[in-house]
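Residue strings, one per chain:
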Amino acid sequence: MKYDLASEARRQKNIRRSSIVLKDISAPQMLAQDLFASCYRPIIDLWTAASKAIADEYARTLSGMTTDAPADVQREIEQASSAATRLALTLTPSLRNWAVRVERAVRNRWVRQVYSATSVDLSTRLSVFDVEDTLQSYIAWNADLIQNVSDEIKQRVSNSVFSGLNERRPAREVAKEINEAVGLGRKRSLRVASDQLSKISATLADQRRIEAGITVWSWVHSGKRHPRVNHQARDGLLYSDVPANVGKSVDGKVVNAAPERGDRPGQPPYCGCRARSVLVFEFDGEE
Ligand SMILES: [Zn+2]
């Protein structure tokens, strides 16, 4: 705990309620598009550009125009793959830039929420340095995911090319499969970017809550069309990671033990659930 928001709020104004639920904190969805555009799309574009060369080489190989048949088309694939790896290594500054913008958005929303709920002004007290480790870890995670997207495209392209050569499939057909492989990589990147935004913003919001000494939070279900049933069932329930709080109640609602870290709001793959910080002034039956 960096500071005790509940005590500061009490000093700031006369609070008669036993708890205040803050709004859930998320980052603008546009930042998922930005992550895709600045960090994933360059790799997709590189493979799109390489597709034509690979397909052409396939056609030449198939028609027996080259002397060293599969090796030439394999070389094209390897070249694209290593160019993608080199490009991926240059994307760290763009990833950092994205992470810093997400952090700022989450922090600003948190500061606004806290101020409107408690009149405590945190604007000059919080900084990006408080959560540097989180940013580092998401930068590294995304660098790894970008490489993984490229590897997956390479694998699919290779499968098409080599099975195509074995079966002597027409060049047009294989060219189409190569384009589809890149298209799948693109779709996956878009999903990954959106998922990474949910995860990093949930993690950052969680850190801001813990920093403020807030140990109780309420689950907000994403309302997505294909929900995890167990997440849907948690909507509106209270949780705490502090064992001493579990079983107590706040305004008539019982506090449950928080689920495992990986099963918290926004953490499992494509989970859009969020947490609302619950600032508890007194648990039921306590003075
Ligand atoms: Zn969920």
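This text follows the structure it describes.
Rules used throughout
Residues numbered from 1 in each chain as written. Predicted model: local features only at pLDDT ≥ 70, side-chain atom pairs only at ≥ 80, totals over all residues. Heavy atoms only, no water. Donors = N, O, S within 2.8 Å, 3.2 Å for Na, K, Ca; no water. Buried < 20%, exposed > 50% of the residue type's maximum accessible area, 1.4 Å probe, protein only. Core = buried A, V, L, I, M, F, W, Y, C linked by side-chain atoms within 4.5 Å. Helix = DSSP H or I, 4+ residues; strand = E, 2+ residues; numbered from the N terminus. Contact = heavy atoms within 4.5 Å. Axes fitted to C-alpha atoms, helices over the stretch in contact; angles between N-to-C directions. Parallel < 35°, antiparallel > 145°, perpendicular 65-115°, else oblique. Left-handed = near helix turned anticlockwise from the far one by under 90°. Pairing = 2+ DSSP bridges.

Undergrad: Whenever I open this one, the coordination of the zinc ion confuses me. Can you help?
TA: Ideal geometry at a metal centre: 109.5 degrees between donors when four sit tetrahedrally, and 90 or 180 degrees when six sit octahedrally. Bound to the zinc ion are the protein donor atoms H231 (ND1), C271 (SG) and C273 (SG), situated 2.2 to 2.4 Å from the metal. Mapped onto the sequence, the donors of the zinc ion take the spacing H-x39-C-x1-C. Each member of the pair, C271 as well as C273, carries the same accessibility label: buried.

Undergrad: Help me understand the nonpolar core in this model?
TA: Nonpolar side chains in soluble globular proteins tend to be buried together. Grouped together as the largest cluster of nonpolar side chains are 68 residues, with contacts concentrated most on Y40, W47, I54, V102, W110 and V161. Counting residues per element, the ones that place at least two in this core are α1 (5-12), α2 (30-62), α3 (69-89), α4 (92-118), α5 (132-167) and α6 (171-211). The element best represented in this core is α2, accounting for 14 residues. Setting aside residues no more than four positions away along its own chain, W47 makes contact with I54, I77, A80, S81, A84, S150, I153, K154 and V182. Counting seven residues, the second largest nonpolar core, distinct from the first, contains V216, V250, V255 and F283.

Undergrad: Just to check I follow, could you spell out the packing of α5 against α6 for this structure?
TA: The relative placement of two packed helices is expressed as an angle between their axes plus a distance between the axes. Contact geometry of α5 with α6 gives a least axis separation of 10 Å together with a crossing angle of 165°. Put simply, α5 runs roughly antiparallel to α6. The interaxial crossing formed by α5 with α6 has right-handed handedness.

Undergrad: Before we go on, may I ask you to explain the sheet that holds strand β1 (residues 19-21) in this structure?
TA: What links the strands of a sheet is backbone hydrogen bonding, and the strands pair in either a parallel or an antiparallel sense. A sheet is described by the order of its strands in space; here six strands give the open sequence β1-β6-β2-β3-β5-β4, paired in mixed fashion. Each end of this open sheet is capped by a strand with a single partner; those strands are β1 and β4 (249-250). Across three bridges, strand β2 (residues 216-220) lies against strand β3 (residues 238-240) in antiparallel orientation. What sits directly across from W217, in β3, is Y239.

On their own, these measurements won't tell you what the molecule is for.
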